[in-house]
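Geometric and topological summary
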Amino acid sequence: MRYAAYITAAVLGVACAALVIVFCAYAYAWWIIAVALAVVIFIPLGSWLHELGHKLFGAMAHVKTRMHFSVFGSSYCDVWTDRSKGLRSRLITTSLGGLAVNLLCIILGIIALSVHAVPVCISFVLPASVYLFVLNAFPCTLGDGDTDGMAVLGLIRLDDEAKVTLAVMSVQADAESGTPLEDIERERLEGLPQIQEDSPAYIALLKLKEQYYTATGDEDAASGCRERLEALKEYTEE
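Residues numbered from 1 in each chain as written. Predicted model: local features only at pLDDT ≥ 70, side-chain atom pairs only at ≥ 80, totals over all residues. Heavy atoms only, no water.

1. Structural notes on the overall build of the protein
If you tally the helices and strands in the protein, you get 9 helices and 4 strands. Helices (α) and strands (β) of the protein occur, in sequence order from the N terminus, as α-α-β-β-α-α-β-β-α-α-α-α-α. Buried positions account for 39% of the 238 residues belonging to the protein. Taking the contacts inside the protein whose residues are at least 6 apart along the sequence as the reference set, 61% of them involve residues at least 24 apart. For the protein, the accessible surface area stands at approximately 13000 Å², while carbon and sulfur atoms represent 63% of it. Across the protein, 17 positive and 27 negative side-chain charges occur, with their mean positions spaced 6 Å apart. (Helix = DSSP H or I, 4+ residues; strand = E, 2+ residues; numbered from the N terminus. Buried < 20%, exposed > 50% of the residue type's maximum accessible area, 1.4 Å probe, protein only. Contact = heavy atoms within 4.5 Å. Areas by Shrake-Rupley, 256 points an atom, 1.4 Å probe, with all protein chains shown as cover. Lys, Arg positive; Asp, Glu negative; His and termini not counted. Charge placed at Lys NZ, Arg CZ, Asp CG, Glu CD.)

Pasting the structure below:
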C-alpha cells in the first residue's frame, strides 16, 4: 500500500500543478515558468500548513505539540500531554488536524480557480495540499513512519501499537502533571502487547521504563533497558 500511496499522491499532485499552471497561463496570461516556480515554492508552505493543522487541533484537544519543519525533508510533530483522561480521542483529533488543514487548502484552491474575485495565487498551494492529503490519508507506513491515516486507524481499532502508545503517553501525562514517576503503578508499564522493537512506540516505552526503574531503584531492570536501547541505537538516533 505504501507504493500505491506515493503513486496516487504524486499523480494527483502533478495533475493539480498542471491545472493551476495552465489556468493561470491562459486565464491571466501569466508566464508558465513563473507560475510553475511559484507552485514549487509553495510546496514547503503546504507541508508547514499540514504540521500547523496538527498543532491547532492538538491545542483544541489539550495535546501539546512541537513542530519540526524541514523545507526539503519530512516534517513532523512531537506530541505529549499532561492529561491522561480521554487521551485516545484527543490523539485522534490531533492526528486528523493535518488532513483537515490540507483539505481546507484544497477547497480554497478550487474556489480561487473558480471565483474571479478570489486571488488566484491562493491556488498555488493546491498541488502540495492534494499530494499531502492523499499521501497521509492512506493507512500505511512510509519510510519515515506511519501516515496520519494509519495512526487514526490504529487508535480507532486500538491495535497493539496504539495500546503501547496510549500506555506510554498516559504515564508521561501523569508525570507531567506532578505525579512522581516512582509512585506510578508498575503494572501500567508491564504486561503490554509485544510490538516491533524498531517502532517509535516501543522505543518510547523502553526509554520510559528505564526512567521508571531508575526512579524506583530497580537498577537491574534499568540496566537491561539501557542495554536494549543501545542495541537499538540506530532507531533511537534522530
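2. A few points about helix α4 (residues 126-137)
Spanning 12 residues, α4 covers 16 Å between terminal C-alpha atoms, matching the ideal 16 Å at 1.5 Å per step. All buried positions along α4 are accounted for by L126, P127, A128, S129, V130, L132, V134, L135 and N136. If you follow the buried residues of α4, they end up packed against α1 (2-27), α2 (32-60), α3 (87-114), β3 (141-142) and α5 (148-157). (Expected span 1.5 Å × (residues − 1).)

3. What to know about the packing of α1 against α2
One way to put it is that α1 packs onto α2 with a least axis distance of 9 Å and a crossing angle of 140°. As α1 packs across α2, the resulting crossing turns out to be right-handed. For the pair α1 and α2, the contacting residues are A17, V20, I21, C24 and A25 in the first and I32, V35, A36 and V39 in the second. (Axes fitted to C-alpha atoms, helices over the stretch in contact; angles between N-to-C directions. Left-handed = near helix turned anticlockwise from the far one by under 90°.)

4. Re the packing of aromatic side chains
For the structure on display, the rule yields 2 aromatic pairs. With centroids separated by 5.6 Å and ring planes inclined at 85°, the aromatic side chains of F42 and F124 adopt a geometry described as edge-to-face. In this pair, F42 sits in helix α2 while F124 sits in the loop between α3 and α4, placing the two residues 82 residues apart along the sequence. Residue classification places F42 among the partly exposed residues on the basis of a relative accessible area of 24%. Pairing Y212 with Y213 gives two aromatic rings, centres 5.8 Å apart and planes at 65°, and the pair type is edge-to-face. A relative accessible area of 4% means that Y212 is categorised as buried. Its relative accessible area of 7% is what places Y213 among the buried residues. (Phe/Tyr/Trp six-rings, centres within 6.5 Å; stacked < 30°, edge-to-face > 60°.)

5. Concerning unusual backbone geometry
With phi around 60°, H62 is a residue other than glycine that occupies positive phi space. Here H62 is to be found in the loop between α2 and β1 (64-68). One non-glycine residue, L158, lies in positive phi territory at about 55°. By the element assignment, L158 lies in the loop between α5 and α6 (160-176).

6. A closer look at the pattern of salt bridges
Inspection of every chain in the model, using the stated rule, returns 10 salt bridges. The partner of D218 in a salt bridge is R186, and the shortest N-O contact between them spans 2.9 Å. Linking D218 in the loop between α7 (200-216) and α8 (219-231) with R186 in the loop between α6 and α7, this pair joins segments that are 32 residues apart in sequence. Overall, R186 belongs to the partly exposed group, its relative accessible area being 31%. The salt bridge partner of E197 is R228, with a shortest N-O separation of 2.2 Å. Placement of the pair is E197 in the loop between α6 and α7 and R228 in helix α8, with a sequence separation of 31 residues. (Salt bridge = Lys/Arg side-chain N within 4 Å of Asp/Glu carboxyl O.)

7. Re the nonpolar core
Grouped together as the largest cluster of nonpolar side chains are 20 residues, with contacts concentrated most on V20, C24, V35, V39, F124, L126 and V130. For this core, the secondary-structure elements that each account for two or more residues are α1, α2, α3 and α4. Counting residues per element, this core draws most heavily on α1, at 7 residues. Dropping the residues within four chain positions of it, V39 is found in contact with A17, V20, I21, F124 and P127. With 19 residues, the next largest nonpolar core counts I184, Y212, L229 and L232 among its residues. (Core = buried A, V, L, I, M, F, W, Y, C linked by side-chain atoms within 4.5 Å.)

Function-wise, these values are silent; they only describe arrangement.
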